[in-house]
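# Survey of secondary and tertiary structure
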Amino acid sequence: MFVRDRMNSPAVTVRANTPLQDALKLMRDRRFRRLPVVNKKGKLVGIVSERDLLHAAPSAATSLSVWEVYYLLAKLQVKRIMTKDVITTTPDTPVEDAARLMVTHKIGGLPAINGHNDVVGVITETDIFETFVEMFAGGQAGLRLTLEVPERKGVLSMLSSAVFDLGGSIESVGSFSGEVAGERRLVVQVRDVSKDELVEAIEALGDHVVDARDI
């Protein structure tokens, strides 16, 4: 799965000379928390977040009059507060690589740009969460298993055969680092199979069932 499959497109953007209040209203109307900033040719020049806009506004403790506040806000433009060094991705980037960028840089979204620096979409942490839920068949009924398995070839093949032999099917599989070297943890969701029978079959393979539950 790639960024193009999950990004919001076409991207909603603002210009660098957009007033702060207009950008904030756009975010709230569209329920966005960040907006790419583009120049008149549509090329990416920055990004602004809802937090940036709110921090730029005078606090309630200001000594300015309400008219002075309105005047200052009307004059303040996005270019004064936007981040110019933008972390970006591309439509052809795998979703997991985009997620890694967000984690590494502690940001909640990435503009997706093409080879001409045009913003073609935006992928956010919400899009990543939705992908995660779908990958793990979240919300679907079935049997969820957490397994400790050795890091060796053929583990998934043996597991698939055990499920198939019992008349079941695998809906999703996730693989994670184990607690000790040489082991992996698998989170597997299956359907149309008895929990007790499958647990017994898996244990017979030498794998350890950490948790098994009907969902």
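To keep things clear, this report deals only with the structure shown in the data block. Here the residue numbering is sequential within each chain, running from 1 through the sequence in written order. Where totals are concerned, whole chains, interfaces and linings use all residues; where local detail is concerned, this predicted model gives features only for residues with pLDDT of at least 70, and gives and counts side-chain atom pairs only at 80 or more. For side-chain calculations, the full set of non-hydrogen atoms in the structure is used, while hydrogens and water are omitted.

### Structural notes on the pairing of strand β2 (residues 34-38)
- Exposure categories follow from relative accessible area, calculated using a 1.4 Å probe and restricted to protein chains: below 20% of the type maximum is buried, above 50% is exposed, and the middle band is partly exposed. Strands here are runs of E lasting at least two residues and helices are runs of H or I lasting at least four, both read from the DSSP assignment and numbered beginning at the N terminus. Most of β2 is tucked away: five of the five residues are buried.
- Side-chain alternation along β2 places R34, P36 and V38 on one buried face and L35 and V37 on a second face that is also buried.
- Both strand β1 (residues 14-15) and β2 contribute to a ladder of two bridges, which runs parallel. Residue pairing in the sheet places R15 in a bridge with V38 of β2.
- Two strands qualify as a pair provided that DSSP identifies no fewer than 2 bridges between them. Hairpin geometry of β2 and strand β3 (residues 44-49) is characterised by an intervening segment of five residues between the two adjacent antiparallel strands and by a positive phi of about 85° at G42.

### Quick word on the environment of G142
- Relative to the helices and strands, G142 resides in the loop between α6 (125-135) and β6 (143-150).
- Using a relative accessible area of 15% as the deciding quantity, one classes G142 as buried.
- C-alpha of G142 to C-alpha of K195: the two residues are 53 residues apart in sequence and 9.7 Å apart in space.
- Here, two residues are considered to be in contact whenever any of their heavy atoms come within 4.5 Å of each other. Each residue touching G142, except ones within four places of it in the same chain, is listed here: Q189, V190, R213, D214 and I215.

### Some points on the pattern of salt bridges
- Salt bridges are counted wherever a side-chain nitrogen of Lys or Arg sits within 4 Å of a carboxyl oxygen of Asp or Glu. One pass over the full model with this rule turns up twelve salt bridges.
- Residues E134 and R6 are paired through a salt bridge, measuring 2.6 Å at the closest nitrogen-oxygen approach. Of this pair, E134 sits in helix α6 while R6 sits in helix α1 (residues 3-6), placing them 128 residues apart in sequence.
- R185 is the salt-bridge partner of E148, the closest N and O atoms lying 3.1 Å from each other. Placement of E148 in strand β6 and of R185 in strand β8 (residues 183-191) is noted, with a sequence separation of 37 residues between them.
- A relative accessible area of 18% means that E148 is categorised as buried.
- One network of salt bridges, in which partners are shared, links E148, E179 and R185.

### With respect to the pairing of strand β5 (residues 119-124)
- Buried residues dominate β5, accounting for five of its six residues.
- Hairpin connection of strand β4 (residues 109-113) to β5: five residues between the antiparallel strands, including N117 at a positive phi of 65°.

### Section: the packing of aromatic side chains
- A pair of Phe, Tyr and Trp rings is counted when the ring centres sit within 6.5 Å of each other, with Trp represented by its six-membered ring. The angle between the planes then sorts it: under 30 degrees is stacked, over 60 is edge-to-face, the rest tilted. Under the counting rule described, the total for this entry stands at two aromatic pairs.
- Geometrically, the ring pair formed by F132 and F136 is tilted, given 4.8 Å between the ring centres and 40° between the ring planes.
- Classification of F136 as buried rests on a relative accessible area of 18%.
- Between F136 and F176, the aromatic rings sit 6.1 Å apart at their centres with planes inclined by 20°, giving stacked as the arrangement. Taken as a pair, F136 in the loop between α6 and β6 and F176 in strand β7 (residues 169-177) lie far apart in primary sequence, 40 residues in all.
- Judged by relative accessible area, which is 36%, F176 ranks as partly exposed.
- By way of ring pairs, the aromatic residues F132, F136 and F176 are connected into one cluster.

### Structural notes on the sheet that holds β3
- Within the open sheet, the three strands sit side by side as β1-β2-β3. Their pairing is mixed. Each edge of the sheet is formed by a strand with only one pairing partner; in this case those strands are β1 and β3.

### Structural notes on the sheet that holds strand β9 (residues 208-214)
- Sheet architecture is open: four strands sit in the order β7-β8-β6-β9, paired in antiparallel fashion. Sheet topology places β7 and β9 at the edges, where each strand pairs with a single neighbour. Sheet twist, expressed as the mean angle between neighbouring strand axes with direction ignored, is 15°.
- Sheet topology places β6 next to β9; six bridges connect them, and they run antiparallel. Bridge assignment links L145 to a residue of β9, and that residue is A212.
- Axis definition: a line fit to C-alpha positions, over the contact stretch in the case of helices; interaxial angles, taken between N-to-C directions, run 0 to 180 degrees. Relative to the sheet, helix α8 (residues 195-204) contacts β6, β8 and β9, its axis offset from that of β9 by approximately 165°.

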